[in-house]
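So the chains spell out like this:
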Amino acid sequence: MDLTILYRGPLASCDYDCPYCPFAKRRDSTDRLRADRAALDRFTTWARAQTGDRLSVLFTPWGEGLVRSWYRRALVDLSHEPHIDRVAIQTNLSCRTEWLTEADPDTVALWCTYHPGQTPYERFLDKTRRLTGAGIRFSVGIVGLPEHLEHARRLRGELPEQVYLWVNAADGHTYSDEEAALWSELDPLFPFSRHPHRSAGRACRTGSSVVSVDGEGTVRRCHFVKAELGNLYDGSFRAALAPRPCPLAVCDCHIGYVHLETLPLYDVFAGGVLERVPTEEARHGPPAPTSASDRHTLQLYRRSGRPATP
């Protein structure tokens, strides 16, 4: 079985207090942290034992995981398992980076977000330089708020050309064509984030080759669909894996819509879906289509200046 797992345990605390994030500066109790560590240890033990499968793992904690030693250890341990193709985590990069010398750089990867006002710019940039020097795969991103534009421009100017700078459309923010063009100058793939994607009844890899797992081992097709497929640890989820259309009206989060088969994003991020690292060609504009569905999507994309959601 080839399976991509999005894991999210009980952890909900973060060391930042971004005004656009509902989980900013939340504190977890000692008991909750212990439960999160135990849940992650259980998951890591399970994943390391699945030697008959091919696994890819993305940790998507509500809070900041890498300030906790058990997340750093999980990434290191999983990166050395030959049956695990990729292990990645979403992070604000506030943690130290020396621990990555213990990880396999061919397997581990980071999805990093810069939050202006939460950390000194030079400190964040220095950490990205350390990642580059260590040969770690990573992307860097920012929320596309008007007050972040100059920060994003500075980042794009100082990051190595091969490091992808992505821009997430801000929740609740509507972009004029002029505003969208400014962000697209920095991230040619911003049009995929600008608008939610209609997904109801459309083919999606979640529930088939991609699943979401929580700290109890409950398996769902993705973070946004609550219906349960079974449990990871008793194996009951395996019989439920099958292609199925999306039951939601729209999908507006990258970790969800990247798996829609009506979008060409597996071609855009070939080899880097989990860490949000696109191909060299895609960094400079829309990808070449590889299927009839992709060709239709990209034709509409080029006409409208944004991803098609017919």
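Just so you know, these numbers come straight off a predicted model, no measurement behind them.

1. A look at the overall build of the protein chain
Looking only at helices and strands, one finds nine helices and 13 strands in the protein chain. In terms of C-alpha radius of gyration, the protein chain reaches 19 Å, essentially the compact-globule figure of 19 Å for 310 residues. Overall size of the protein chain, expressed as C-alpha extent along the three principal axes, is 50 × 45 × 35 Å. By residue count, 55% of the 310 residues in the protein chain fall in the buried class. Across the protein chain, contacts joining residues at least 24 apart in sequence account for 66% of those joining residues at least 6 apart. Accessible surface for the protein chain amounts to roughly 13500 Å². Of this, 49% is attributable to carbon and sulfur atoms.

2. Observations concerning the packing of helix α1 (residues 30-49) against helix α2 (residues 69-79)
In the contact formed by α1 and α2, the axes pass within 10 Å of each other and the chain directions differ by 5°. The orientation of α1 with respect to α2, classified from their angle, is roughly parallel. For the pair formed by α1 and α2, the contact residues are L33, D36, R37, L40, T44, A47 and R48 on the first element and S69, W70, Y71, A74, D77 and L78 on the second. In the contact of α1 with α2, the residues fall into seven nonpolar, two polar and four charged.

3. Topic: the packing of aromatic side chains
Applying the stated criterion across every chain, the model contains 11 aromatic pairs. Judged by centre distance (5.8 Å) and plane angle (85°), the rings of Y7 and F59 are edge-to-face. Here F59 lies in strand β2 (residues 54-59) and Y7 lies in strand β1 (residues 2-8), a separation of 52 residues in the sequence. A relative accessible area of 1% means that Y7 is categorised as buried. Ring centres of F43 and F59 lie 6.1 Å apart, and the angle between their planes is 80°; this geometry places the pair in the edge-to-face category. Taken as a pair, F43 in helix α1 and F59 in strand β2 lie far apart in primary sequence, 16 residues in all. With respect to burial, F43 and F59 carry one shared label: buried. Members of the aromatic cluster, joined through ring pairs, are Y7, F43, W46, F59, Y71 and F237. In this structure, R8 is placed above the aromatic ring of W62, and the distance from its NZ or CZ to the ring centre is 3.9 Å. Directly above the aromatic system of Y266 lies the positively charged group of R205, at a separation of 3.7 Å from the ring centroid.

4. Quick word on the environment of Y114
Among the secondary structure elements, Y114 is positioned in the loop between β4 (108-113) and α3 (121-134). Separated by 21 residues in sequence, Y114 and L93 place their C-alpha atoms 7.9 Å apart.

5. Comments concerning the sheet that holds strand β6 (residues 165-168)
Pairing is mixed across the open sheet formed by nine strands, whose spatial order is β6-β5-β4-β3-β2-β1-β9-β10-β11. This sheet does not close on itself; its edge strands, each paired only once, are β6 and β11 (225-231). Ignoring strand direction, the axes of neighbouring strands in this sheet form an average angle of 25°.

Basis of the calculations
Residue positions within a chain follow its written sequence, with the count starting from 1. Local features in a predicted model are, by the rule used here, given only for residues with pLDDT of at least 70; side-chain atom pairs are given and counted only at 80 or more, and totals for whole chains, interfaces and linings are based on all residues. The basis for the side-chain values is all heavy atoms of the structure; hydrogens and waters are excluded. Only DSSP runs of H or I with at least four residues qualify as helices, and only runs of E with at least two residues qualify as strands; both kinds are numbered from the N terminus onward. It is over C-alpha atoms that the radius of gyration is taken, and the globule rule equals 2.2 Å times the number of residues to the power 0.38. For the exposure calls, accessible area comes from a 1.4 Å probe over protein chains only, and a residue counts as buried if that area is under 20% of its type's maximum, exposed if over 50%, partly exposed in between. Any pair of residues with heavy atoms lying within 4.5 Å of one another is described as a contacting pair. Methods summary: accessible areas were calculated by the Shrake-Rupley approach with a probe of 1.4 Å, and residue burial reflects only the protein chains presented. Fitted lines through C-alpha atoms give the axes, limited to the stretch in contact for helices. The angle between two N-to-C directions lies from 0 to 180 degrees. The cut-offs work like this: below 35 degrees is roughly parallel, past 145 is roughly antiparallel, 65 to 115 is roughly perpendicular, and the gaps in between are oblique. We call Asp, Glu, Lys and Arg charged. Ala, Val, Leu, Ile, Met, Phe, Trp, Tyr, Cys and Pro are nonpolar, and the rest, Gly among them, are polar. For this analysis, a ring pair means two rings from Phe, Tyr or Trp (six-membered ring only for Trp) whose centres lie within 6.5 Å, classed as stacked if their planes differ by under 30 degrees, edge-to-face if by over 60, and tilted for the remaining angles. Think of it as a cone above the ring: NZ of Lys or CZ of Arg counts as a charge over the ring if it is within 6 Å of the ring centre and within 35 degrees of the ring normal. Strand pairing follows a simple DSSP-based rule, namely that at least 2 bridges must link the two strands.

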